[in-house]
Amino acid sequence: GSCCSPWRWPFRPSRAAPAASTLEQVRWEALAERRSIVAALVFLVVVLARLPFATTHLWAWDSVFYARALEMGFSVDTDPAASRPHPPGYIWYVAAAQLLRAVTGESNAAYVLLSILASAAGAALLWLIASRWMRPGTALVLALAYAASPLVWTYSEIAYPYTVLALVSLAIGWLLVDGRRPLLASLALGVLSGARQDVLFLLA
């Protein structure tokens, strides 16, 4: 932004707002000050929008591998008939679904619930990130557009890891750009590598 703009680098509003603030600007700034509340509302709205469309059957062949890891025990093998799930293993993804399976009682439902929660958390995190360096209204539209994307919505309703990977990737991106929490960034990178190891090649 310009030198006089209250929205500028690095990722947070300047405390020195223009003296003649309009009512609209005051409202947006008030919204920005309530980031955590807005993030919680975005998360809740996305979850509620997803629940009616959750799939009840395993989506594809990979989904079957993921489900077998919960029902028959985790065991990665080069033989497709014996692998649970398929290589490279996705250990943290399977572990998170295992925790949710204690709630849902069923493998597909556990993975779908994980996809729903991850997509909602991703939208909320995107709001938190974007609202630090752009106007809150624009940041909110961005977060909701992400949640409403047909591709994101599809993967939010099935037993696939992509919304989880998007969430962790957003967290890594923010932590690296922010630069103040290198240990957390390293931890997030480790979680991502455990969720899907081949993503490390893309990040490298």
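Keep in mind that this is a model prediction, so the values were computed, not measured.

Details of the layout of surface pockets
Then comes step 1: If you add up the space inside the second largest pocket, you get close to 210 Å³.
Then comes step 2: Lining the second largest pocket are Trp92, Tyr93, Ala96, Leu114, Leu117, Ala118, Val164, Leu167, Val168, Val191 and Ala195.
Then comes step 3: Counting only elements with at least two residues in the lining of the second largest pocket, the list comes to helix H4 (91-104), helix H5 (107-130), helix H8 (162-178) and helix H9 (182-195).
Then comes step 4: Looking at side-chain class alone, the lining of the second largest pocket contains 11 nonpolar, no polar and no charged residues.

Notes on the confidence of the model for the chain
Then comes step 1: The share of residues in the chain with pLDDT of 70 or more is 84%, and the mean pLDDT across the chain is 82.
Then comes step 2: Mean pLDDT across the elements of the chain ranges from a minimum in strand E1 (residues 7-8), with 44, to a maximum in helix H7 (residues 150-156), with 96.
Then comes step 3: Taken as a whole, residues 1-20 scores under 50 in pLDDT and shows 26 contacts with residues more than four places along the chain or in a different chain.

Here we look at helix H2 (residues 35-50)
Residues three or four positions apart in an α-helix share a direction because the helix packs 3.6 residues into each turn.
Then comes step 1: Between its first and last C-alpha atoms H2 spans 23 Å; for 16 residues at 1.5 Å apiece the expected length is 22 Å, and the two agree.
Then comes step 2: Taken as a whole, H2 has its buried residues at Arg35, Val38, Ala39, Val42, Val46, Val47 and Arg50.

Re the nonpolar core
Then comes step 1: Counting residues in each nonpolar core, the largest one holds 18 residues, and the members touching the most others are Val42, Val46, Ala123, Trp127 and Tyr146.
Then comes step 2: Breaking this core down by element, the ones donating at least two residues are H2, H5 and helix H6 (136-148).
Then comes step 3: When residues in this core are grouped by element, the largest group, eight residues, is from H5.
Then comes step 4: Leu100, Ala110, Leu114 and Val164 belong to the second largest nonpolar core, which has 14 residues in total.

Regarding the packing of aromatic side chains
Then comes step 1: Counted by the stated rule, this structure contains nine aromatic pairs.
Then comes step 2: For the ring pair Tyr66 and Tyr90, a centre distance of 5.6 Å and an interplane angle of 80 degrees mean the geometry is edge-to-face. Note that Tyr66 is positioned in helix H3 (residues 61-72) and Tyr90 in the loop between H3 and H4, a separation of 24 residues in sequence.
Then comes step 3: Residue class for Tyr66 comes out buried when judged on its relative accessible area of 1%.
Then comes step 4: Look at Tyr90 and you get buried, because its relative accessible area is 4%.
Then comes step 5: Members of the aromatic cluster, connected to one another through ring pairs, are Tyr66, Tyr90, Tyr93 and Tyr111.

Rules and cut-offs
Residues numbered from 1 in each chain as written. Predicted model: local features only at pLDDT ≥ 70, side-chain atom pairs only at ≥ 80, totals over all residues. Heavy atoms only, no water. 1 Å grid on protein atoms, 1.4 Å probe; cavity = no way out; pocket = protein on both sides within 12 Å on 5 of 7 lines; lining within 4 Å. Points joined across faces, edges and corners; volume = space filled by probe spheres on them. Helix = DSSP H or I, 4+ residues; strand = E, 2+ residues; numbered from the N terminus. Nonpolar A, V, L, I, M, F, W, Y, C, P; charged D, E, K, R; others polar. pLDDT = per-residue confidence, 0-100. Contact = heavy atoms within 4.5 Å. Expected span 1.5 Å × (residues − 1). Buried < 20%, exposed > 50% of the residue type's maximum accessible area, 1.4 Å probe, protein only. Core = buried A, V, L, I, M, F, W, Y, C linked by side-chain atoms within 4.5 Å. Phe/Tyr/Trp six-rings, centres within 6.5 Å; stacked < 30°, edge-to-face > 60°.

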